[in-house]
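# Structure assessment
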Amino acid sequence: MIKINSLPEFEELKASSGFITIVDTPTKSVKVHAASCPHVNSAHYAKKVIDGKEKNGRYYWTETVHEAISELHAEPCSYAGR
Ligand SMILES: [Zn+2]
């Protein structure tokens, strides 16, 4: 599991075949998305993590959906597939 700390890192991992978990702190929502999912968006990442200094959430990359579910207690997005 990798915590995504910068926009270039985000862009690189989004282009990978893994999964991206979005932790949304205000709503306490934790969702795992395929890296290619339309919900995984660099503008949202920049706003939430970079501009918000991680106060409103964090993004993590995992190789599998299972890893996100077991380590982050993420719920799979409807696009995540398995
Ligand atoms: Zn999604």
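Preceding block: the structure.
The structure presented is a predicted model; accordingly, all values stated were derived computationally and were not measured. (Residues numbered from 1 in each chain as written. Predicted model: local features only at pLDDT ≥ 70, side-chain atom pairs only at ≥ 80, totals over all residues.)

What follows concerns the sheet that holds strand β5 (residues 75-76). One open sheet accounts for 5 strands, arranged β1-β4-β2-β3-β5; its pairing is mixed. The open sheet terminates on both sides in strands that have one partner only, identified here as β1 (2-3) and β5. (Pairing = 2+ DSSP bridges. Helix = DSSP H or I, 4+ residues; strand = E, 2+ residues; numbered from the N terminus.)

The subject of this paragraph is the packing of helix α1 (residues 7-14) against helix α2 (residues 42-51). Put simply, α1 and α2 touch, their axes get as near as 10 Å, and they point 140° apart. Here α1 lies oblique to α2, going by the angle between them. Crossing of α1 over α2 shows right-handed handedness. On α2, the residues that touch Leu7, Phe10 and Glu11 of α1 are Ser42, Tyr45, Ala46 and Ile50. Looking at side-chain class alone, the contact of α1 with α2 contains 5 nonpolar, 1 polar and 1 charged residues. (Axes fitted to C-alpha atoms, helices over the stretch in contact; angles between N-to-C directions. Parallel < 35°, antiparallel > 145°, perpendicular 65-115°, else oblique. Left-handed = near helix turned anticlockwise from the far one by under 90°. Contact = placed C-beta atoms within 7 Å. Nonpolar A, V, L, I, M, F, W, Y, C, P; charged D, E, K, R; others polar.)

On to the environment of Val40. By the element assignment, Val40 lies in the loop between β3 (29-34) and α2. For the pair Val40 and Phe10, spaced 30 residues apart in the sequence, the C-alpha separation amounts to 9.5 Å. Contact partners of Val40, with chain neighbours within four places excluded, come to Lys14, Ile20, His33 and Ala35.

Regular strands place side chains that alternate from one sheet face to the opposite one. For strand β2 (residues 19-24), the buried fraction is high: 5 of the 6 residues fall into the buried class. Here β2 pairs with β3 via 6 bridges, running antiparallel. Along β3, the bridge assignment pairs Val23 with Val30. Sheet topology places β2 next to strand β4 (residues 57-62); 6 bridges connect them, and they run antiparallel. Residue pairing for β4: Ile22 is matched across the bridge by Tyr59. (Buried ≥ 20, exposed ≤ 12 C-beta atoms within 10 Å, placed from the backbone.)

Here is a general trend for soluble globular proteins: nonpolar side chains tend to be buried in one another's company. One finds Ile4, Phe19, Ile20, Val32, Tyr59 and Ala68 to be the most contacted residues of the largest nonpolar core, which totals 17 residues. Contributions of two or more residues to this core are made by β2, α2, β4 and α3 (65-72). Residue contributions to this core peak at 4 residues, all from β2. Those residues in contact with Ala68 that sit more than four places away from it in its chain are Phe19, Thr21, Val32, Thr62 and Ala74. (Core = buried A, V, L, I, M, F, W, Y, C linked by C-beta atoms within 7 Å.)

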